[in-house]
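The residues making up each chain are set out below.
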Amino acid sequence: MNQKLSEHIMGLIKSASTDLPPDVEQSLVDARDRELEGSMSFSAFDAILENTKMAREFTTPICQDTGSLLFYIDVPVGTDTDPLKRSIQIAADRATREYLLRPNAVDPITGKNSGNNIGLNAPYFHFHQWERDDFRFRLMLKGGGSENVGTQYKLPDAGLQAGRDLKGIKKCVIDAVFKAQGKGCAPGIIGVGIGGDRVSSYELSKEVLLRKFGERSEDPVLAEAEVELFNQLNALGIGPMGFGGKTTVLEVFCGKYHRHPATFFVTISYMCWACRRKTLILSKGDFDND
Amino acid sequence: MINLKTPISEEDIRKLRCGDVVGLSGIIVTARDAGHKLMVEERPQFLDEYLNGGIIYHCGPVVKNENGVWSFVSAGPTTSIREEPYQAAVIESYHLRGMIGKGGMGAKTLNACQHFGACYFHAIGGAGTLIAKSVKEIINVFKLEEFGTPEAFWVCRAENFPVIVTMDSQGESLHERVEKETAENYQRILSSITA
């Protein structure tokens, strides 16, 4: 365990839980201003924005569901990741005791809440080695309500008349967002994982949610699909909280993995409007002489 | 804004309509998955004094304990539909007048609202800090050790808790209406896809 690294991660958790990223907040301001003043959807956005300001001012969680802690960590080649994990767990325990996180790790068999966000596969760690000599810690706090409306399709899908092509993929995304209605705390940010196997497709659908608003896929076909889906999903009219309105999604991010010839998965992860993700880049010198 | 204080009479609850903006005051009890299962399977008596004419809040708060005094730090609503299998029975057996939550509930709950006189109140999902400010005091907590913080029954006193009626006692549901309207858009958009 490394005390300095724990301090840095504690700061990252605090920032993620209490300070909504500026691109997300601006998108919510724009969404409010598209609604008619005095309407239910306008009031919903107003409350969302007031809450966002208050959470920042008082350093309290934006949402009481402070989510599952998902860490995406890039490390220099040859890094021993176990000490990093331990330092992060200590930060999670402290953040829970300081009311920045709700205890959200529950044993599925005994029903016992661990009380400090530490458990089997909690926090979740996704390590990746890169050719740089610094460390990048990306944290996403993913709430349970939005996680419950995520889903996976297997093409072809007879019910949707969706084949194994871009047209079929789009139908899956529209179906998933329609079925979610307001239940995932709309307006949502939609992550789409195309291809891969069942696991990697889900994994990809989440990792794309780390992108900044406006950052399109590097694949020009997917970049175009993201824009088209954004317009189609907003034409559904579900609106904030499912009250009806002009904004149903704030962003759509797509990614693809090569698939097995026999499989074709389309996976949708739904991020609530409280899109809590923050990045911290550290050099070894920031925490090595502990 | 309409102001209501618990315990609420059947007459007052039956005056409310979908779209009404309400400020709720008085005793409110949080309950979610473990709580609803318990209320239906074991029917504990310890909640009667708080729930008769009262309100259940679908919420798993972040709670602070300072020198033995509890308070809510962040306390927005959780997704209500998970309680759909239990809610109608809870309304009937505890004489509830309403639930606060998010996302709306189904036909069985809507029926119970109509039959027994109750409403579903929608709070703004994710607005945890804002809503915590309208909860002035924690009066009691049950099952904290067994269920953990999010699932425990937190008995609290609220002042002007801001909500919107989205399911009323006349059988009207805003959620049903939006789902119907968006279903038409959904069909139109699906059939327009030609890429």
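From a predicted model like this one, the values you see are computed outputs, not experimental measurements. (Residues numbered from 1 in each chain as written. Chains lettered and ligands numbered in written order. Predicted model: local features only at pLDDT ≥ 70, side-chain atom pairs only at ≥ 80, totals over all residues. Heavy atoms only, no water.)

A.B. asks: Quick rundown of the overall build of chain B? Include the residues and the values.
C.D. replies: A count of helical and extended segments in chain B gives eight helices and nine strands. Against the 2.2 N^0.38 benchmark of 16 Å for 195 residues, chain B shows a C-alpha radius of gyration of 17 Å, consistent with a compact globule. Contacts spanning at least 24 positions in sequence make up 64% of the contacts within chain B whose residues lie at least 6 apart. Just so you have it, chain B exposes about 7800 Å², and 48% of that area is on carbon and sulfur atoms. Between the averaged position of the 19 positive side-chain charges in chain B and that of its 24 negative side-chain charges there is a distance of 4 Å. (Helix = DSSP H or I, 4+ residues; strand = E, 2+ residues; numbered from the N terminus. Rg over C-alpha atoms; globule rule 2.2 N^0.38 Å. Contact = heavy atoms within 4.5 Å. Areas by Shrake-Rupley, 256 points an atom, 1.4 Å probe, with all protein chains shown as cover. Lys, Arg positive; Asp, Glu negative; His and termini not counted. Charge placed at Lys NZ, Arg CZ, Asp CG, Glu CD.)

A.B. asks: Which residues make up the packing of helix α2 (residues 33-41) of chain B against helix α4 (residues 84-94) of chain B, and what are the values?
C.D. replies: Residues and elements named next belong to chain B. As a packed pair, α2 and α4 sit with axes 9 Å apart at the nearest point and diverge in direction by 55 degrees. Here α2 lies oblique to α4, going by the angle between them. α2 and α4 meet at a crossing whose hand is left-handed. Facing α2, whose interface residues are His36, Lys37, Met39 and Val40, α4 presents Tyr86, Gln87, Ala89, Val90 and Tyr94. For the contact of α2 with α4, the class distribution of residues is six nonpolar, two polar and one charged. (Axes fitted to C-alpha atoms, helices over the stretch in contact; angles between N-to-C directions. Parallel < 35°, antiparallel > 145°, perpendicular 65-115°, else oblique. Left-handed = near helix turned anticlockwise from the far one by under 90°. Nonpolar A, V, L, I, M, F, W, Y, C, P; charged D, E, K, R; others polar.)

A.B. asks: So what's going on with helix α8 (residues 174-192) of chain B? Which residues, and what values?
C.D. replies: Between its first and last C-alpha, α8 of chain B extends 27 Å over 19 residues, near the 27 Å set by a 1.5 Å rise per residue. Listing the buried residues of α8 of chain B in full gives Leu174, His175, Val178, Thr182, Asn185, Tyr186, Ile189 and Leu190 of chain B. Relative to the axis of α8 of chain B, the buried residues are bounded by an arc of 135 degrees and lie together on one face. The exposed residues of α8 of chain B that point more than 90 degrees off its buried face are Lys180, Glu184 and Ser191 of chain B. Each element contacted by the buried residues of α8 of chain B is listed here: α3 (40-58), α6 (166-180) and α8 (220-234) of chain A together with β7 (119-122) and β9 (153-167) of chain B. (Expected span 1.5 Å × (residues − 1). Buried < 20%, exposed > 50% of the residue type's maximum accessible area, 1.4 Å probe, protein only. Arc of directions from axis to C-beta.)

A.B. asks: Which residues make up the pattern of salt bridges, and what values do they have?
C.D. replies: All names here are of chain A. Applying the stated criterion across every chain yields a total of 34 salt bridges over all chains. In this structure, Asp134 engages Arg132 in a salt bridge whose closest nitrogen and oxygen atoms are separated by 3.0 Å. Residue Glu226 is joined to Arg211 by a salt bridge in which the shortest nitrogen-to-oxygen separation is 2.9 Å. Remark: Arg211 occurs in the loop between α7 (198-207) and α8 and Glu226 occurs in helix α8; sequence separation between them is 15 residues. Taking relative accessible area as the criterion, Glu226 reaches 1% and is therefore assigned buried. The exposure class of Arg211 is buried, given its relative accessible area of 14%. (Salt bridge = Lys/Arg side-chain N within 4 Å of Asp/Glu carboxyl O.)

A.B. asks: Which residues make up the confidence of the model for chain B, and what values do they have?
C.D. replies: Here chain B shows a mean pLDDT of 96. Residues at 70 or above account for 99%. Taken over the whole predicted complex, pTM reads 0.94, whereas the ipTM for its chain interfaces reads 0.91. (pLDDT = per-residue confidence, 0-100.)

A.B. asks: I'd like a description of the packing of aromatic side chains, backed by residues and values.
C.D. replies: This structure, assessed with the given rule, holds 14 aromatic pairs over all chains. Centroid distance Phe125 of chain A to Phe127 of chain A: 5.8 Å. Interplanar angle 15 degrees. Geometry classified as stacked. Looking at Phe125 of chain A, the relative accessible area reads 15%, which means it is buried. Between Tyr50 of chain B and Phe142 of chain B the ring centres are 6.3 Å apart and the planes differ by 50 degrees, which places this aromatic pair in the tilted class. Here the residue Tyr50 of chain B occupies a position in helix α3 (residues 48-51), and Phe142 of chain B occupies one in strand β8 (residues 135-142), the gap between them amounting to 92 residues. Residue Phe142 of chain B is classed as buried on the basis of its relative accessible area, which comes to 18%. An aromatic cluster is built from Phe46, Tyr50, Phe142, Phe147 and Phe153 of chain B, whose rings are joined through pairwise contacts. The side chain of Arg43 of chain B reaches across the aromatic face of Tyr94 of chain B, ending 3.8 Å from its centre. Here the basic side chain of Lys133 of chain B rests over the ring of Phe58 of chain A, its NZ or CZ set 4.1 Å away from the ring centre. (Phe/Tyr/Trp six-rings, centres within 6.5 Å; stacked < 30°, edge-to-face > 60°. Lys NZ or Arg CZ within 6 Å of the ring centre and 35° of its normal.)

A.B. asks: For the interface of chain A and chain B, give the residues involved together with the corresponding values.
C.D. replies: Contact residues are listed per partner, giving 43 residues for chain A and 47 residues for chain B. Together, the buried faces of chain A and chain B total about 3800 Å²; carbon and sulfur atoms form 66% of this surface. Among the residues chain A hides against chain B, the three largest losses belong to Gln64, Tyr99 and Lys183 of chain A. Together they make up 19% of the total. Counting every contact that joins chain A to chain B gives one salt bridge. The partner of Lys112 of chain A in a salt bridge is Glu145 of chain B, with the nearest N and O atoms 3.3 Å apart. Linking chain A with chain B are 20 residue pairs in polar contact (both at pLDDT 80 or more), by the criterion used here. Put simply, the parts of the chain that give the side of chain A that touches chain B at least two residues each are α3, α5 (144-148) and α6 of chain A. For the side of chain A that touches chain B, the element with the most residues is α3 of chain A, which contributes nine residues. (Buried area = accessible area lost by both parts, 1.4 Å probe. Polar contact = N/O pair within 3.5 Å; in protein donor to acceptor, adjacent residues only side chain to side chain.)

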